[in-house]
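Residue-level listing of the chains:
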Amino acid sequence: MSDSISTPSGPSQQGGMSTLQGRSGVGAPPETRGRTTIADSVVEKIAGMATREVPGIHSLGTGMSRTLGAVRDKVPGGRPSVSRGVKVEVGERQTAVDLDVVVEYGVSIVDIAGDVRTNVITAVERMTGLDVVEVNITVDDVHLPDEEEEAEEGESRVQ
């Protein structure tokens, strides 16, 4: 996709954004006239959503970021961060993604890692036109079924 909208001079990168240069002139197709800029945060959100769609992923982020995120989510007006646990490096035509995930107990980590890579690569490339050169996955924890029951009991005691 980026091949059809970039010029011989190629895209440029400025301050955490990837910019694709379009062609100009009467004969150029409308979709190539102008410039498209993709911020790093956009790629992070796409990768985060694509990761969460995979069955067997419990959450994203390391222990500390999940703890801080849980506190932030409980603050009135706070929203869950889609990009928690996701880091990206966006170049002119390529991007690399690093993920910190927590998987459900009982799933095959090898299989789920492959599913996550496939889903993230497909979503990022389809939506941005950038080539995903790598998706690095760190499994930080395994979510056990009884952990959820303990959390629910603790929440019900304090109202």
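Conventions and cut-offs
Residues numbered from 1 in each chain as written. Predicted model: local features only at pLDDT ≥ 70, side-chain atom pairs only at ≥ 80, totals over all residues. Heavy atoms only, no water. Helix = DSSP H or I, 4+ residues; strand = E, 2+ residues; numbered from the N terminus. Buried < 20%, exposed > 50% of the residue type's maximum accessible area, 1.4 Å probe, protein only. Core = buried A, V, L, I, M, F, W, Y, C linked by side-chain atoms within 4.5 Å. Contact = heavy atoms within 4.5 Å. pLDDT = per-residue confidence, 0-100. Pairing = 2+ DSSP bridges.

*Asks:* Any chance you could break down the overall build of the protein for me, citing the residues and the numbers?
*Replies:* Along the backbone of the protein there are five helices and seven strands. For the protein, the succession of helices and strands along the chain, N to C, is α-β-β-β-α-β-α-β-β-α-β-α. Expressed as a percentage of the 159 residues in the protein, the buried residues total 35%.

*Asks:* Please provide a residue-by-residue account of the nonpolar core, values included.
*Replies:* Where a protein is soluble and globular, its nonpolar side chains tend to be buried together. Of all hydrophobic cores here, the largest spans 25 residues; its most connected members are Ile-57, Val-97, Leu-99, Val-116 and Val-120. Mapped onto this core, the elements with two or more residues apiece are α2 (40–52), β4 (57–60), β5 (86–90), β6 (94–104), α4 (109–128) and β7 (131–143). In terms of residue count, the dominant contributor to this core is α4 (six residues). In this structure, Leu-99 is in contact with Thr-51, Leu-60, Gly-85, Val-86, Val-116, Val-120, Val-135, Asn-136, Ile-137 and Thr-138, ignoring residues within four places of it in sequence.

*Asks:* I'd love a proper account of the confidence of the model for the protein, names of residues and values included.
*Replies:* When pLDDT is averaged along the protein, the result is 79, and 65% of the positions lie at 70 or above. The secondary structure element of the protein with the lowest average pLDDT is helix α1 (residues 2–5), at 41, and the one with the highest is α4, at 98. Note on residues 1–10: pLDDT under 50 across the span, and 19 contacts to partners over four residues away in sequence or across chains.

*Asks:* Provide a residue-level description of the pairing of β6, including the pertinent values.
*Replies:* A large share of β6 lies buried, amounting to eight of its 11 residues. Relative to β6, β4 runs antiparallel, the two being bridged by three bridges. Pairing of Ile-57 across the sheet is with Val-103, part of β6. Inspection of the sheet shows β5 paired to β6 by five bridges, in the antiparallel sense. Within β6, the residue paired with Glu-89 across the bridge is Ala-96. Linking two consecutive strands that pair antiparallel, namely β5 and β6, is a turn of three residues. Here β6 pairs with β7 via 11 bridges, running parallel.

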